[in-house]
Amino acid sequence: MVFLGVDPGSYTSGYAFLDKGADDSIRVLEYGAISAKSRDSFADRLVKIVGDLEKRVKEYNPSVLIMESAFFAKNVHSAMILGHVRGAILVMCRRLGMEFFEYSPRSVKLAVTGDGASSKEKVAAMVTSRLGICQGKIKLDATDALAVASAHLFLQKGTVLHSPRKSTSQKSKQLRELIVKMGGKLPE
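Residues numbered from 1 in each chain as written. Predicted model: local features only at pLDDT ≥ 70, side-chain atom pairs only at ≥ 80, totals over all residues. Heavy atoms only, no water.

Student: Quick rundown of the overall build of the protein? Include the residues and the values.
Tutor: Secondary structure assignment for the protein yields six helices and five strands. Listing the helices and strands of the protein from first to last along the sequence gives β-β-β-α-β-α-β-α-α-α-α. Out of the 188 residues in the protein, the part that is buried amounts to 46%. When the accessible surface of the protein is totalled, it reaches about 10000 Å², and 53% of it is carbon and sulfur. (Helix = DSSP H or I, 4+ residues; strand = E, 2+ residues; numbered from the N terminus. Buried < 20%, exposed > 50% of the residue type's maximum accessible area, 1.4 Å probe, protein only. Areas by Shrake-Rupley, 256 points an atom, 1.4 Å probe, with all protein chains shown as cover.)

As structure tokens, this is what we get:
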């Protein structure tokens, strides 16, 4: 089963296609970032991002779309623009028959690193290490897309990307609550 993780942006959107095998193995099919020209109008940037993503969706035929949920930004205009991007991607994916899941940025970071306040760089290091990808010059938009898709897959099967702590620290407790809340099973 193929899953699509997306980190939406109005200039650059990250994407990741992951394949989950019958044995719960995860194979990275493709990941990257789609960038639009900053001098283009917002509508033209949106057409570019969604159009390029749709070509890839038709190639890999994923059954599930996973995105980070919208968060409240200090800049209302930026939040509205991001909402348009998310909406256009969601409409395209639903039109193509995909199921939709979303997780808060904090939940993704918590699932990937064990710390809901982790930096993008720490998330990138953890997710590329776990998926066996050479971090090199991967854009953070792409590693964010890998992280959101991976977090979904691992939370669905009841495991996490990082090594869970055995202590009863607050972070460990929050992570366990998150896994249970999302319908996952706790690792033994």
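Student: Outline the UniProt feature "binding site: Mg(2+) 1" (unreviewed entry) in the protein, supporting the account with residue identities and numerical values.
Tutor: Feature annotation in UniProt places "binding site: Mg(2+) 1" (unreviewed entry) on Asp 7 and Asp 141, given in this structure's numbering. Taking the farthest pair of C-alpha atoms as the criterion, the annotated set spanning 135 residues converges on one region, since that pair is 6.0 Å apart. Each residue touching Asp 7, except ones within four places of it in the same chain, is listed here: Thr 12, Ser 13, Gly 14, Glu 68, Asp 141, Asp 144 and Ala 145. Mapped onto the elements of the fold, Asp 141 is located in helix α5 (residues 140–156). Since its relative accessible area comes to 22%, Asp 141 is described here as partly exposed. Look past the residues within four positions of Asp 141 in its chain and what remains in contact with it is Asp 7, Thr 12, Ser 13, Gly 14 and Ala 33. (UniProt positions renumbered as here; feature names shortened; annotations may be inferred. Contact = heavy atoms within 4.5 Å.)

Student: Account for helix α4 (residues 120–131), naming residues and giving values.
Tutor: The terminal C-alpha atoms of α4 lie 16 Å apart, and with 12 residues this matches the ideal 16 Å at 1.5 Å per residue to within 8%. Within the span of α4, buried status applies to Val 123, Ala 124, Val 127, Thr 128 and Leu 131. With its buried residues spanning 115° around the axis, α4 presents them on a single face. Buried-residue contacts for α4 involve β3 (26–35), α3 (105–113) and α5. (Expected span 1.5 Å × (residues − 1). Arc of directions from axis to C-beta.)

Student: Provide a residue-level description of the packing of α4 against α5, including the pertinent values.
Tutor: Angle between the axes and distance between the axes are the two parameters that describe a pair of packed helices. α5 packs onto α4 with a crossing angle of 60° between their chain directions and a minimal axis gap of 9 Å. Between α4 and α5, the angle is such that the two are oblique. Crossing geometry of α4 relative to α5 is assigned as left-handed. Contacts from Lys 120, Glu 121, Val 123, Ala 124, Val 127, Thr 128, Arg 130 and Leu 131 in α4 reach Leu 140, Thr 143, Asp 144, Leu 146, Ala 147, Ser 150 and Phe 154 in α5. When grouped by side-chain class, the residues that make up the contact of α4 with α5 number eight nonpolar, three polar and four charged. (Axes fitted to C-alpha atoms, helices over the stretch in contact; angles between N-to-C directions. Parallel < 35°, antiparallel > 145°, perpendicular 65-115°, else oblique. Left-handed = near helix turned anticlockwise from the far one by under 90°. Nonpolar A, V, L, I, M, F, W, Y, C, P; charged D, E, K, R; others polar.)

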